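# An overview of the molecular structure
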Amino acid sequence: MGKTKTADRFDSAGARRVMRKRDYLADFSGQMALGLMANLVGQLTYFYTDKVGLATMSVGVVMAISKVVDAVTDVIAGNIIDHAKGGDHKYNRWMGMLAVPAAVTVLLMFTVPIQAGQIPAVIYALITNLLLSAVLYTFIATPFSAIMVVRTRSLAERGSMGLIRAVGNYGAGMIIAILTVPVTSMLGGTQSAWIKYGVVLALAVLLLFGICWNNNRKAKYACDYQDDAAVEEEEEAPVPFKEAIVMLFRNKYWLIVLAFNLITAITSAVAASGGTYYCRWIFGDETLVGLIGTAGLLATVLGFALSQPIISKLGVKRTISVSLVGAALFAGIRCFMPTNFMLYVVTSLLGSFVQIPMMSLYGVLTAMTVDYNEWKYDRKMVAMSGGAIGFGNKVGNGLGALVLTIFLTIGGYDATLEVATTSMTWSIYAFSNFMPVIINLLMFFLFRGFDLEEKLPQMRQEVAARRAAGENGK
């Protein structure tokens, strides 16, 4: 009964609805596991400098190298996955194969052997970062991103999947932001405390991946409904790597989303660790970051509750524009009163609130560029497109960590001091308040050229007409 009921549902554009409530729950679980891994990496700069004792600039170099390598593996992973056999269901297999190694590596991130000296510890940090991000995260996240495209052709369901994934990713970020410093401080605040915390995170990652993989291996995708004329039944022939790269760089919308992900990732990477530095050195208590994160739950819940109505009302492009301008405005207000705790909390919460609808659209934007590939080249290159866009995200994370440590180094950062020097204080103001204004305004102007939202319906009609003409000509 459930399958028949699902098969009979269509959205307003006539595309079949295939998603069930448990499918959205599985999507949420998978994205939350990935979010825990990604946001954990965001906390490592503070962990390495203040808890392990690695040199500040060494940490920046480690994070930058790992993310640049990570970005290259995104493109490679996309090509490998696109060339794999198994049709649309092949994308779920990678999560099942890599869930256990991912959980183990999460724990290993905290076991840095600082007692062996700076150089061995830095090498260990680099290797574990590469393993977690460049290998495990990439080969799980790239096919998981592709599932949104192949699972359903309904833009409405893709939008709902994007929202659910954004909730999962942001929820993971909130968990890391709220619990990490307070819990590890409660456990003693030492590296050993962080290792204990890592055990819990590793088990959570394993459980969440298991829920997602188990559901998706039994679920029906759009390709499973053979009576649906909109679904391409034959497996798409893989595109050679060099040819695929050339095609992607001729897709201006893909380039815009690539740059958008790159710049957004820089901001996110800085913010992930920047809040802890701000609370410790500007407000004098690092555990306040947990209090701010807890207060942010209200803005988060409200933001996600309103995301779908906002997106429906404004559309993709205007939603992103409003989010970017709003984030720049609230960061700008902080610049004038940087030591006011309440103002910091309020502007941070409002800045997060206005950006939540935009976060719900990342997967949708990627899916739109895949649809453009199909219109322009008759090739979707699903995993390759998502993996190459992930390239910008990963490079941005690496650059963000490097930018953060550069600011700290220029400010003469010294974790052993009791009170921040003037130069340390201004370096924290720079990456926490001034930089978000500049970056969000830059992204606003960048995204003005993204007009695919209006063109996509006509493009899909043309693709359907070409396919019908080809079938009639056989």
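Anyway, here's the lowdown on the structure attached to this text. (Residues numbered from 1 in each chain as written. Predicted model: local features only at pLDDT ≥ 70, side-chain atom pairs only at ≥ 80, totals over all residues. Heavy atoms only, no water.)

### Focus on the nonpolar core
Tyr48, Phe209, Tyr277, Ile320, Leu365 and Phe450 are the most contacted members of the largest nonpolar core, which has 106 residues in total. In this structure Phe450 touches Tyr253, Ile256, Val257, Lys317, Leu365 and Met368, once residues within four positions along its chain are discounted. (Core = buried A, V, L, I, M, F, W, Y, C linked by side-chain atoms within 4.5 Å. Buried < 20%, exposed > 50% of the residue type's maximum accessible area, 1.4 Å probe, protein only. Contact = heavy atoms within 4.5 Å.)

### Thoughts on unusual backbone geometry
The backbone phi angle of Asp378 is positive, close to 65°, even though this residue is not glycine. Note on placement: Asp378 falls in the loop between helix H12 (362–377) and helix H13 (382–410). (Helix = DSSP H or I, 4+ residues; strand = E, 2+ residues; numbered from the N terminus.)

### Examining the side chain of Thr56
Within the element layout of this structure, Thr56 appears in helix H3 (residues 56–83). Classification of Thr56 as buried rests on a relative accessible area of 16%. When residues no more than four places from it in sequence are discounted, the contact partners of Thr56 are Thr49, Thr405, Leu408, Thr409 and Tyr413.

### Some remarks on the packing of aromatic side chains
Here the structure, examined in full by the defined rule, presents 23 aromatic pairs. Here Tyr46 and Tyr277 contribute two aromatic rings whose centre-to-centre distance is 5.5 Å and whose plane-to-plane angle is 85°, an arrangement assigned as edge-to-face. Placement of Tyr46 in helix H2 (residues 21–52) and of Tyr277 in helix H9 (residues 252–281) is noted, with a sequence separation of 231 residues between them. Each member of the pair, Tyr46 as well as Tyr277, is classed as buried. With centroids separated by 4.9 Å and ring planes inclined at 15°, the aromatic side chains of Phe447 and Phe450 adopt a geometry described as stacked. Here a set of aromatic residues connected by ring pairs shows up, and it is made of Tyr278, Phe283, Phe341, Tyr344, Trp426, Tyr429 and Phe434. Positioned above the aromatic ring of Phe144, the side-chain terminus of Arg165 is 3.8 Å from the ring centre. For the cation-ring pair, Arg217 lies above Trp213, with the distance from its terminal atom to the ring centre recorded as 5.1 Å. (Phe/Tyr/Trp six-rings, centres within 6.5 Å; stacked < 30°, edge-to-face > 60°. Lys NZ or Arg CZ within 6 Å of the ring centre and 35° of its normal.)

### Topic: the side chain of Thr319
The residue Thr319 is located in helix H10 (residues 288–336) in this model. Here Thr319 falls in the buried class, since its relative accessible area comes to 1%. Dropping the residues within four chain positions of it, Thr319 is found in contact with Ile310, Ile311, Leu314, Pro357, Met358 and Leu361.

### Brief notes about helix H5 (residues 118–151)
Three- or four-residue spacings in an α-helix give side chains the same orientation, since the helix completes a turn every 3.6 residues. Over its 34 residues, H5 runs 47 Å from end to end, which matches the ideal 50 Å to within 8%, given 1.5 Å per residue. Tyr137 marks where H5 bends most, by close to 45°. (Expected span 1.5 Å × (residues − 1). Bend = angle between axes of the 7 residues up to and from the residue.)

### Let's talk about the pattern of salt bridges
For the structure shown, the criterion picks out 7 salt bridges. The partner of Glu286 in a salt bridge is Lys51, and the shortest N-O contact between them spans 3.6 Å. Taken as a pair, Glu286 in the loop between H9 and H10 and Lys51 in helix H2 lie far apart in primary sequence, 235 residues in all. Note that Asp451 and Lys455 form a salt bridge whose closest N and O atoms lie 3.3 Å from each other. With relative accessibility at 24%, the residue Asp451 sits in the partly exposed group. (Salt bridge = Lys/Arg side-chain N within 4 Å of Asp/Glu carboxyl O.)

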